[in-house]
Amino acid sequence: MKNIVLGLVIIICFSACEKTLEEVPKDFVSKANFYNNEEDAQAAIVGVYAGLQSDFYGMNHYLMTELHGDFIFGRGSQAPITIWDQILDQTSIGRCASNWSSLYTTINRANAILDNVPGIDDISAEEKEKILAEAHFLRALSYFELVRGWGAVPIKTSESVDLSSVEAPREPESKVYELIIADALAAENGLGEVGGQTGRASKWAAKMLLAHVYLTLEQWEAAAEKADDVIVNGPFSLIEVENPDDFYKIFAVDTSTEDIMSVHHSETKTSGIPTYIHRGQALPYNYSSTGYFAWLPDTNSFIGDSWDDNDLRKDFNLYTQYQNAEGEWVPLPETVPMLFKKFISNTSGQNVYSVPIYRFTEAYLFYAEAASKANGGPTALALERLNMIKRRAYGYDPNTASPVDYSSGMGAADFENTVLQERGYEFLLERRRWFDLKRTGKVKEAFAAAGKTVIDERFLWPIPEDEINNNPAIDQSDQNPGY
């Protein structure tokens, strides 16, 4: 875990000079001159948020999660990620190690807040409570990514300041989830409204995280309760859509009424996602035969012919033709007949806008799935909330019955599959599909439908060698299968 130590927010200075040790340092950050007031606490929590980086714990984490979907192929160095009957290659094993380090660095920064901010006197009680709650939220979010990606992982709840404090065994997933829930509940209780800062956690983001965790743990009633709370009591509303480009009102804006929490971008902190879709100069979708694109849609999957052309999300997410220099519409080449479009609207590729962490749409689908599972089949409200999302997708008023509504009478299994399908369409390229398939036990079924075979060793990512070498509580026998 050398990288974790290297990523610490607080730098500890050692000196052989006894006089220096007795003095309060003036020219660098140390525990002797930090965590003294509200300004220090604010700077520290900003450092924890920095762990989210430009695209949710960094582009490596985003692409590894996204390319573990049944609807996508990697290209170039990312192609081996989508060879499902083999373990990850060395390049992607390195990506996993980088992701592990990023997540634990964020956790360590959150731990530093939780260890040190309670002792600050020069800060208002309200601000202290908020900052501590934000640290709890970010630690919970980080552990949620870790446990879903690697399974049992070391639990660290105190700040690591040197290599002597890295020893921690892999803990069962149940214990990791206990910490996640405790942290998320603390965040829910200590955080306030969203306000104008959707790049920071709110009580609504904490409720969404709790709903997501409860759903993953099959605690159906608790998941439905949290999702319903967001729907009924939250300050959010669905964006109405009449044509595919109306979805840009969600994604090509700094924030929207659906934005519960997102990673925000600017001219100096841009998103990397458009580059991985591709980067070109041709309008309107940036296609260029010399452009760079590493993520290719798999038309043999659920996003192919089975996706209804009348679903406006299809034209928003995918395209098959572009305008050439003369302004003529021409088809993409046979070698690349379809490309992703969700984060592409112009030659800047939406790189200054926001990437969702949680948006309001998901509360409806969380509720629909959880309420149906809790009641042994879909309730009227579960069906209605599922239909609200489908209506919007087809350009209808979400609150009014439409010709595309799913009919009543579906059994529990059919309803679960239908919600999963809607989630696939709604959250394409939003880091949901792989973990949705894992938690519902449908990985192999979905991949087989797309003509792919997945080996069991791909269900968990490899523990980094640095962790095994530097953590005395872990050895090679703790490694995940296949690595």
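Residues numbered from 1 in each chain as written. Predicted model: local features only at pLDDT ≥ 70, side-chain atom pairs only at ≥ 80, totals over all residues. Heavy atoms only, no water.

1. Focus: the overall build of the chain
For the chain, the helix and strand inventory stands at 18 helices and 10 strands. When each of the 483 residues of the chain is scored for burial, the buried share is 58%. Looking at the chain alone, contacts between residues at least 24 apart form 69% of all its contacts between residues at least 6 apart. Here the chain displays about 19,300 Å² of accessible surface, and carbon together with sulfur accounts for 49% of that area. (Helix = DSSP H or I, 4+ residues; strand = E, 2+ residues; numbered from the N terminus. Buried < 20%, exposed > 50% of the residue type's maximum accessible area, 1.4 Å probe, protein only. Contact = heavy atoms within 4.5 Å. Areas by Shrake-Rupley, 256 points an atom, 1.4 Å probe, with all protein chains shown as cover.)

2. Here's the deal with the packing of aromatic side chains
All told, the structure shown has 25 aromatic pairs when counted by the stated rule. Note on Tyr62 and Trp295: the rings are 6.4 Å apart at their centroids and 5° apart in plane angle, and the pair reads as stacked. One end of the pair, Tyr62, is in helix α4 (residues 59–66); the other, Trp295, is in strand β5 (residues 295–297), and 233 residues separate them in sequence. As far as the burial class goes, Tyr62 and Trp295 line up, both buried. On the numbers, 6.1 Å between centres and 70° between planes, the contact of Phe71 with Phe302 is edge-to-face. Separated by 231 residues along the polypeptide, Phe71 in the loop between α4 and β1 (72–74) and Phe302 in the loop between β5 and α12 (312–317) bring together distant segments of the chain. Residue Phe71 shares its accessibility class with Phe302, and that shared class is buried. These aromatic residues form a ring-pair network of at least three members: Trp100, Tyr104, Tyr143, Trp150, Phe435 and Trp461. (Phe/Tyr/Trp six-rings, centres within 6.5 Å; stacked < 30°, edge-to-face > 60°.)

3. Points about unusual backbone geometry
Note: most residues except glycine have negative phi, and most peptide bonds are trans. For Gln53, which is not a glycine, the phi torsion comes out positive at approximately 55°. Not every positive phi belongs to a glycine, and Tyr57 is a case in point at roughly 65°. In this structure, Tyr57 sits in the loop between α3 (38–49) and α4.

4. A few points about the pairing of strand β10 (residues 355–359)
Counting buried residues along β10, five of its five residues qualify, which places the element largely inside the surrounding structure. Direction of pairing for strand β4 (residues 259–263) relative to β10: antiparallel, over a ladder of four bridges. Bridged to Ser262 within β10 is Pro356. (Pairing = 2+ DSSP bridges.)

5. Some points on the pattern of salt bridges
Considering all chains together, one arrives at 32 salt bridges under this definition. Here Asp183 ties to Arg139 by a salt bridge, and the two come within 2.7 Å at their closest N and O atoms. Linking Asp183 in helix α7 (residues 173–190) with Arg139 in helix α6 (residues 125–150), this pair joins segments that are 44 residues apart in sequence. Accessibility assignment for this pair places Asp183 and Arg139 in one class, buried. Glu171 is the partner of Lys175 in a salt bridge, and the nearest nitrogen-oxygen pair spans 3.7 Å. Each of Glu258, Asp311, Arg313, Lys342, Arg359, Arg392, Glu422, Glu426 and Glu430 takes part in a single network of salt bridges with overlapping partners. (Salt bridge = Lys/Arg side-chain N within 4 Å of Asp/Glu carboxyl O.)

6. What to know about the environment of Ser407
Within the secondary structure, Ser407 sits in the loop between α14 (380–393) and α15 (412–426). With 23 residues separating them in the primary sequence, Ser407 and Glu384 have C-alpha atoms 9.7 Å apart.

7. Brief notes about empty space enclosed by the protein
For the structure on display, the rule yields six cavities of 30 Å³ or more. Along the walls of the largest cavity sit Ile250, Val253, Asp254, Thr255, Ser256, Glu258, Asp259, Ser262, Ser354, Pro356 and Arg359, which together make up its complete lining. Going through the elements one at a time, β4 and β10 are the ones with two or more residues in the lining of the largest cavity. Split into classes, the residues belonging to the lining of the largest cavity amount to three nonpolar, four polar and four charged. (1 Å grid on protein atoms, 1.4 Å probe; cavity = no way out; pocket = protein on both sides within 12 Å on 5 of 7 lines; lining within 4 Å. Points joined across faces, edges and corners; volume = space filled by probe spheres on them. Nonpolar A, V, L, I, M, F, W, Y, C, P; charged D, E, K, R; others polar.)

8. Focus on the confidence of the model for the chain
Summary statistics for the chain give a mean pLDDT of 90 and a share of 90% for residues scoring 70 or more. Here residues 1–28 is modelled with pLDDT under 50, and outside its nearest four sequence neighbours on either side it reaches 43 contacts, counting other chains as well. (pLDDT = per-residue confidence, 0-100.)

9. A closer look at the nonpolar core
In terms of nonpolar packing, the biggest core is built from 145 residues, with Leu52, Phe137, Trp295 and Phe340 touching the most fellow members. The contacts of Trp295, once residues within four sequence positions are left out, are Met59, Tyr62, Leu63, Leu67, Ile72, Phe73, Gln78, Ile273, Tyr276, Ile277, Phe340 and Leu429. (Core = buried A, V, L, I, M, F, W, Y, C linked by side-chain atoms within 4.5 Å.)

10. What about α6?
For α6, built from 26 residues, the straight-helix expectation of 38 Å at 1.5 Å per residue is met to within 8% by its first-to-last C-alpha distance of 37 Å. By the criterion of burial, α6 is predominantly enclosed, with 22 of the 26 residues buried. Where α6 ends, the next residue or the one after it, Gly151, has phi of about 80°, a positive value. (Expected span 1.5 Å × (residues − 1).)

11. Quick word on the environment of Phe56
Here Phe56 is to be found in the loop between α3 and α4. Remark: the alpha-carbon pair of Phe56 and Val263, spanning 207 residues in sequence, is separated by 6.8 Å. Contacts of Phe56, omitting those with residues within four sequence positions, involve His61, Tyr62, Leu141, Glu145, Val263, Ile357 and Arg431.

12. Describing helix α13 (residues 361–374)
Between the first and last C-alpha of α13 there are 20 Å, a value that for 14 residues agrees with the 20 Å anticipated at 1.5 Å per step. The buried fraction of α13 is high, at 12 of 14 residues. Along α13, the residues that are buried comprise Thr361, Glu362, Ala363, Tyr364, Leu365, Phe366, Tyr367, Ala368, Glu369, Ala370, Ala371 and Ser372. On the buried face of α13, the contacting elements are α8 (203–216), α9 (220–233), β10, α14, α15 and α16 (433–439). Gly376 occupies a position one or two residues after α13 and carries a positive phi of about 75°.

13. Notes on the layout of surface pockets
A volume near 280 Å³ is recorded for the largest pocket. What lines the largest pocket is a set of 15 residues, among which Phe302, Asn417, Gln421, Arg433 and Ala446 lie closest to the centre. When contributions to the lining of the largest pocket are tallied by element, the ones reaching two or more residues are α15, α16 and α17 (443–449). When residues of the lining of the largest pocket are assigned to their parent elements, the largest contribution, four residues, is made by α15.

14. Section: the side chain of Glu258
Tracing the chain through its elements places Glu258 in the loop between α10 (248–251) and β4. A distance of 2.5 Å separates a polar atom in the side chain of Glu258 from a polar atom in the side chain of Arg392. Leave out the neighbours within four places in its chain, and Glu258 touches Ser237, Leu238, Ile239, Ile250, Tyr358, Arg359, Phe360, Thr361 and Arg392. (Polar contact = N/O pair within 3.5 Å; in protein donor to acceptor, adjacent residues only side chain to side chain.)

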